[in-house]
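Here is what each chain is made of, one letter per residue.
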Amino acid sequence: AQSVTQLGSHVSVSEGALVLLRCNYSSSVPPYLFWYVQYPNQGLQLLLKYTSAATLVKGINGFEAEFKKSETSFHLTKPSAHMSDAAEYFCAVSDILTGGGNKLTFGTGTQLKVEL
Amino acid sequence: SQTIHQWPATLVQPVGSPLSLECTVEGTSNPNLYWYRQAAGRGLQLLFYSVGIGQISSEVPQNLSASRPQDRQFILSSKKLLLSDSGFYLCAWGQGGGSWGETQYFGPGTRLLVL
């Protein structure tokens, strides 16, 4: 089964600083990878998705992620943090299910705090 | 555009009481539908999925059940709630078609507290 590991359950940055959230995957086949964001008491919102079309994936709200096969990584970055970026971020990998459909396996999440 | 609704938003139920959570999707046909649970110490976990009306598959054995009475309606139920059923329940829909790597879109969630 495929899996993802998120290093750092809490990350704190200053407003305007670089955001780097780490995700490493384990997969025996080329993976489909996702980043989702969750604001307090809300559902998950898709930030971006890797489908092997390009190693650098641009998402919403200025986020991007780079797929590095040699490092089995899919880290999420944003050049300049904004207060509104404070949320929990989840990396996920997709597995196809026997009966059809896909199962998302999530990492444990990284809580991003943005300070003035 | 597609929209996914969940209700209720919050629910407080006593142990042993029944449960019914509803999820509906608008703006798409024959979606794959999913129930995930987010609980402290257990992360985000897939509970049930459905690729069509009346078709339900369970990922983990538990006290819950799911049904899909209509194409865009997905219901999560329990006859008798346990304390361990507390959590944040998220419904999601996918593009379907049986393809790998479909994008899943999540609803706003239902916060369930069992006392």
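The present account deals with the structure reproduced in this document. (Residues numbered from 1 in each chain as written. Chains lettered and ligands numbered in written order. Predicted model: local features only at pLDDT ≥ 70, side-chain atom pairs only at ≥ 80, totals over all residues. Heavy atoms only, no water.)

1. Comments concerning the layout of surface pockets
Right, on to step 1. Within this model, the largest pocket holds a volume of roughly 280 Å³.
Right, on to step 2. Gln 38, Glu 88 and Phe 90 of chain A together with Gln 38 and Arg 111 of chain B are, among the 20 residues lining the largest pocket, the residues nearest its centre.
Right, on to step 3. Listed by contribution, the elements that provide at least two residues to the lining of the largest pocket are strand 10 (87–96) of chain A together with strand 4 (32–39), strand 5 (43–52) and strand 9 (87–94) of chain B.
Right, on to step 4. Ranked by residues supplied to the lining of the largest pocket, first place goes to strand 10 of chain A with 3 residues.
Right, on to step 5. Here the residues of the lining of the largest pocket sort into 8 nonpolar, 10 polar and 2 charged.
Right, on to step 6. If you add up the space inside the second largest pocket, you get close to 170 Å³.
Right, on to step 7. If you trace the second largest pocket, you find it lined by Lys 103, Leu 104, Thr 105, Phe 106, Gly 107 and Thr 108 of chain A together with Arg 42, Gly 43, Leu 44, Gln 45, Leu 46 and Val 60 of chain B.
Right, on to step 8. Class assignment of the residues belonging to the lining of the second largest pocket gives a composition of 5 nonpolar, 5 polar and 2 charged. (1 Å grid on protein atoms, 1.4 Å probe; cavity = no way out; pocket = protein on both sides within 12 Å on 5 of 7 lines; lining within 4 Å. Points joined across faces, edges and corners; volume = space filled by probe spheres on them. Helix = DSSP H or I, 4+ residues; strand = E, 2+ residues; numbered from the N terminus. Nonpolar A, V, L, I, M, F, W, Y, C, P; charged D, E, K, R; others polar.)

2. Regarding the interface of chain B and chain A
Right, on to step 1. Taken residue by residue, the interface counts 23 residues in chain B and 26 residues in chain A.
Right, on to step 2. The junction of chain B with chain A conceals about 2,000 Å² of combined surface from both sides, 57% of it contributed by carbon and sulfur atoms.
Right, on to step 3. When the area that chain B buries against chain A is broken down by residue, the three leading residues are Leu 44, Trp 100 and Phe 106 of chain B, summing to 33%.
Right, on to step 4. Remark: the boundary between chain B and chain A carries 1 salt bridge.
Right, on to step 5. The salt bridge involving Glu 59 of chain B is made with Lys 103 of chain A; its shortest N-O contact spans 3.2 Å.
Right, on to step 6. Mapped onto the side of chain B that touches chain A, the elements with two or more residues apiece are strand 4, strand 5, strand 9 and strand 10 (104–106) of chain B.
Right, on to step 7. The residue makeup of the side of chain B that touches chain A, split by class, is 12 nonpolar, 8 polar and 3 charged. (Contact = heavy atoms within 4.5 Å. Buried area = accessible area lost by both parts, 1.4 Å probe. Salt bridge = Lys/Arg side-chain N within 4 Å of Asp/Glu carboxyl O.)

3. Things to note about the pairing of strand 4 of chain B
All names here are of chain B.
Right, on to step 1. Buried residues dominate strand 4, accounting for 8 of its 8 residues.
Right, on to step 2. Burial along strand 4 is two-sided: Asn 32, Tyr 34, Tyr 36 and Gln 38 facing one way and Leu 33, Trp 35, Arg 37 and Ala 39 facing the other are all buried.
Right, on to step 3. Summarising the sheet, strand 4 and strand 9 pair through 7 bridges and their orientation is antiparallel. Residue pairing for strand 9: Tyr 36 is matched across the bridge by Leu 90.
Right, on to step 4. In this sheet, strand 5 lies alongside strand 4 in antiparallel orientation, the contact comprising 7 bridges. When the bridges of strand 5 are listed, Arg 37 appears paired with Gln 45.
Right, on to step 5. The hairpin turn running from strand 4 into strand 5, its antiparallel successor, is 3 residues long, and Gly 41 in that turn takes a positive phi close to 80°. (Buried < 20%, exposed > 50% of the residue type's maximum accessible area, 1.4 Å probe, protein only. Pairing = 2+ DSSP bridges.)

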